[in-house]
Amino acid sequence: MSKASKDKLTPKEEELMQLLWEHGPILISKLVELYPDPKPHFNTVSTVVRRLEAKGFVGHNEVNGSFHYFATVDKSYFRSRSFGNFIKNYFGGSYYGAVSALVEEDKISADELKELLRLVERKGK
């Protein structure tokens, strides 16, 4: 498996990681219950968990003969990587271009932009 595919999450893996970040450590049967209808099959969830464990993103503890699964990486790790990849793929790596698009599409207000500017200025001090 290449490093790029090891670091990337499929949509199913991402959905499962969200559940683990919010509810882990947890049994697979409890994970299945957390999914919206139509719920995936137990074996499907188990397969995705094993894939994530092979990638090093999920671990488990054995408790009374049952495996409780948990995320081994912080959500912020993927948020940072995903956002960076999004900016690279859709805005040629330009964060300015991304913010400009938000302004153009009325997705961010002037007050929010002012607050962002204050954050940037504070960070620069």
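Before reading further, recall that the structure is shown in the block above.
Residues numbered from 1 in each chain as written. Predicted model: local features only at pLDDT ≥ 70, side-chain atom pairs only at ≥ 80, totals over all residues. Heavy atoms only, no water.

Another aspect to go through is the nonpolar core. As a rule of thumb, nonpolar side chains are buried together in soluble globular proteins. In terms of nonpolar packing, the biggest core is built from 18 residues, with L16, M17, L20, V45, V49 and L52 touching the most fellow members. Of all the elements in the fold, those that place two or more residues in this core are α2 (11–23), α3 (28–34) and α4 (42–55). With near-sequence residues (within four places) excluded, V49 lies in contact with L16, I28, L31, V58 and Y69. (Core = buried A, V, L, I, M, F, W, Y, C linked by side-chain atoms within 4.5 Å. Buried < 20%, exposed > 50% of the residue type's maximum accessible area, 1.4 Å probe, protein only. Helix = DSSP H or I, 4+ residues; strand = E, 2+ residues; numbered from the N terminus. Contact = heavy atoms within 4.5 Å.)

To continue, consider the pairing of strand β1 (residues 58–63). Two elements, β1 and strand β2 (residues 66–71), share 6 bridges in a ladder whose sense is antiparallel. Across the sheet, H60 pairs through a bridge with Y69, a residue of β2. With antiparallel pairing between neighbouring strands as the criterion, β1 and β2 make up a hairpin whose turn holds 2 residues, including N64 at a positive phi of roughly 50°. (Pairing = 2+ DSSP bridges.)

To continue, consider α2. For α2, which comprises 13 residues, the first-to-last C-alpha distance of 18 Å matches the rise-based estimate of 18 Å (1.5 Å per residue) to within 8%. For α2, the full list of buried residues reads E13, L16, M17, L19 and L20. Seen from one end, α2 has its buried residues packed into an arc of 160°, which puts them on one side. Those residues of α2 that are exposed and angled more than 90 degrees off the buried face are P11 and E22. (Expected span 1.5 Å × (residues − 1). Arc of directions from axis to C-beta.)

Under the definition given, this model contains 7 aromatic pairs. On the basis of an interplanar angle of 50° and a centroid distance of 5.9 Å, the ring pair of W21 and F78 is categorised as tilted. Separated by 57 residues along the polypeptide, W21 in helix α2 and F78 in helix α5 (residues 75–91) bring together distant segments of the chain. Residues F83 and Y95 carry aromatic rings whose centres are separated by 5.8 Å and whose planes lie at 55° to one another, so their mutual orientation is tilted. On the criterion of sequence distance, the pair formed by F83 in helix α5 and Y95 in helix α6 (residues 95–104) is long-range, its members being 12 residues apart. In textbook terms, an aromatic cluster arises when at least three aromatic residues are bridged by ring pairs, as seen for W21, F57, Y77 and F78. (Phe/Tyr/Trp six-rings, centres within 6.5 Å; stacked < 30°, edge-to-face > 60°.)

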